[in-house]
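# Descriptive structure summary
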Amino acid sequence: MIKSMTGFAHREIRTELIVAGLLIKSYNNRYLDLSISLPPQLAKLEPRFREYLGSSSRIVHGKVECNLRLRELRLPVSVSADMEAAKSVASVLFSIGKACGMDRPPELGDLLRFEGVVAYEKDLDEEELWQVILPELAACFESYDETRRREGQATRADIDRQLARLESSFALVRANVPEIEATIKTQLSARFREVMGENADPSRILAETATLLMKYTINEEVTRLQAHLASFARILETEDSPGKKLDFLCQEINREVNTIGSKNTLIAVAQAVVEMKDALENIREQLRNIE
């Protein structure tokens, strides 16, 4: 199934350990550009987010942003005291007070104002927290992926419409191949007779006509274009991330269409070539939006 490179999803996370908001959004980009934004407390989890979202089975192309906004982290707290530091601080405070004529000894509150005397640390069990976040991330990704699938379906429908236009005009070109060759023969024969009169050598006319047909016939272009369109339809139907392959095929199709246009001598074929080029440009525009 074709997926768009643009998508969006937001999920509120509320568990016993964490309360947060998770957002995933993406834009068109030729390659995968993954940006993970986590709060400092959860920075160790970034490789896990990157591994999950960067899997080729999930996202292939696009500029993807994943943001986790932390509101509350309910982790066990460890408190420790540096007794030697506390004694040193108390001794200095006592000496300062004595020098200033203050008889009051330093109080506990005075000591706690100094950094390093008491340390507070939340015990982060990385594995436990990841097991809590992972299903939330998976649910958010599924919502995000659904928006990409919906937009991809709309894009596929438009590509199919443009492809039908191209194939309809191409059918007209194929139908006019005999007419193109007949026109070349008629014009060349008329020129010979204009220059040489009724004495024009029929064998010379045939030889020149054969040479000119080799130069201006579009049979080879028609054959290659048929093959390219068949490949386009097959890839579009069978591959999940066909964007790059289809864009390359569009270049090849465009080359054949341009060659047909340069060799053409009929107004109907010229109009069909214009239609094919317009449809092809619309297809290429839509391909820029899919993986």
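Residues numbered from 1 in each chain as written. Predicted model: local features only at pLDDT ≥ 70, side-chain atom pairs only at ≥ 80, totals over all residues. Heavy atoms only, no water.

### Considerations on the environment of Arg255
- Counting through the fold element by element, Arg255 comes out in helix α8 (residues 243-263).
- Among the residues examined, Arg255 registers a relative accessible area of 45% and is labelled partly exposed.
- Along the backbone, Arg255 and Leu225 are 30 residues apart, and their C-alpha atoms lie at a distance of 9.2 Å.
- A polar contact of 2.8 Å, which involves the side chain of Arg255, links it to the side chain of Glu252. (Helix = DSSP H or I, 4+ residues; strand = E, 2+ residues; numbered from the N terminus. Buried < 20%, exposed > 50% of the residue type's maximum accessible area, 1.4 Å probe, protein only. Polar contact = N/O pair within 3.5 Å; in protein donor to acceptor, adjacent residues only side chain to side chain.)

### Considerations on the packing of α8 against helix α9 (residues 267-287)
- At a closest axis distance of 10 Å, the pairing of α8 and α9 adopts a crossing angle of 165°. By the angle between their axes, α8 is roughly antiparallel relative to α9. Crossing geometry of α8 relative to α9 is assigned as left-handed. Seen from α8, the contacting residues are Leu246, Asp247, Cys250, Gln251, Ile253, Asn254, Val257, Asn258, Ile260 and Gly261; seen from α9, they are Val269, Val273, Met276, Lys277, Leu280, Ile283, Arg284 and Leu287.
- A breakdown of the residues in the contact of α8 with α9 according to their chemical character gives 11 nonpolar, four polar and three charged. (Axes fitted to C-alpha atoms, helices over the stretch in contact; angles between N-to-C directions. Parallel < 35°, antiparallel > 145°, perpendicular 65-115°, else oblique. Left-handed = near helix turned anticlockwise from the far one by under 90°. Contact = heavy atoms within 4.5 Å. Nonpolar A, V, L, I, M, F, W, Y, C, P; charged D, E, K, R; others polar.)

### A word on α9
- Between the first and last C-alpha of α9 there are 30 Å, a value that for 21 residues agrees with the 30 Å anticipated at 1.5 Å per step.
- Taken as a whole, α9 has its buried residues at Val269, Ala272, Val273, Met276, Ala279, Leu280, Ile283, Arg284, Gln286 and Leu287. Taken end-on, α9 shows its buried residues confined to a sector of 150°, consistent with a single buried face. Turned more than 90 degrees away from the buried face of α9 sit Ile267, Gln271 and Val274, all of them exposed. (Expected span 1.5 Å × (residues − 1). Arc of directions from axis to C-beta.)

### So, the pattern of salt bridges
- Applying the stated criterion across every chain yields a total of 29 salt bridges.
- Note that Arg156 and Glu237 form a salt bridge whose closest N and O atoms lie 2.9 Å from each other. Residue Arg156 is found in helix α4 (residues 126-175), and its partner Glu237 is found in helix α7 (residues 219-238); the two are separated by 81 residues along the sequence.
- Overall, Arg156 belongs to the partly exposed group, its relative accessible area being 22%. (Salt bridge = Lys/Arg side-chain N within 4 Å of Asp/Glu carboxyl O.)

### Observations regarding the packing of α7 against α8
- Between α7 and α8, the least distance of the axes is 10 Å, while the angle of their chain directions is 155°. Judged by the angle between their axes, α7 and α8 are roughly antiparallel. Handedness of the α7/α8 crossing: left-handed. Residues Glu221, Arg224, Leu225, His228, Leu229, Ser231, Phe232, Ile235 and Leu236 of α7 form the contact with α8, whose participating residues are Lys245, Leu246, Leu249, Cys250, Glu252, Ile253, Glu256, Val257, Thr259, Ile260 and Lys263.

### Some thoughts on the packing of aromatic side chains
- According to the stated counting rule, one finds three aromatic pairs in the structure shown.
- Between Phe49 and Trp130 the ring centres are 5.5 Å apart and the planes differ by 65°, which places this aromatic pair in the edge-to-face class. Of the two residues, Phe49 sits in helix α1 (residues 46-53) while Trp130 sits in helix α4, which places them 81 residues apart along the sequence.
- When its relative accessible area of 7% is taken as the criterion, Trp130 is described as buried. (Phe/Tyr/Trp six-rings, centres within 6.5 Å; stacked < 30°, edge-to-face > 60°.)

Read these as layout, nothing more, since geometry by itself doesn't imply function.
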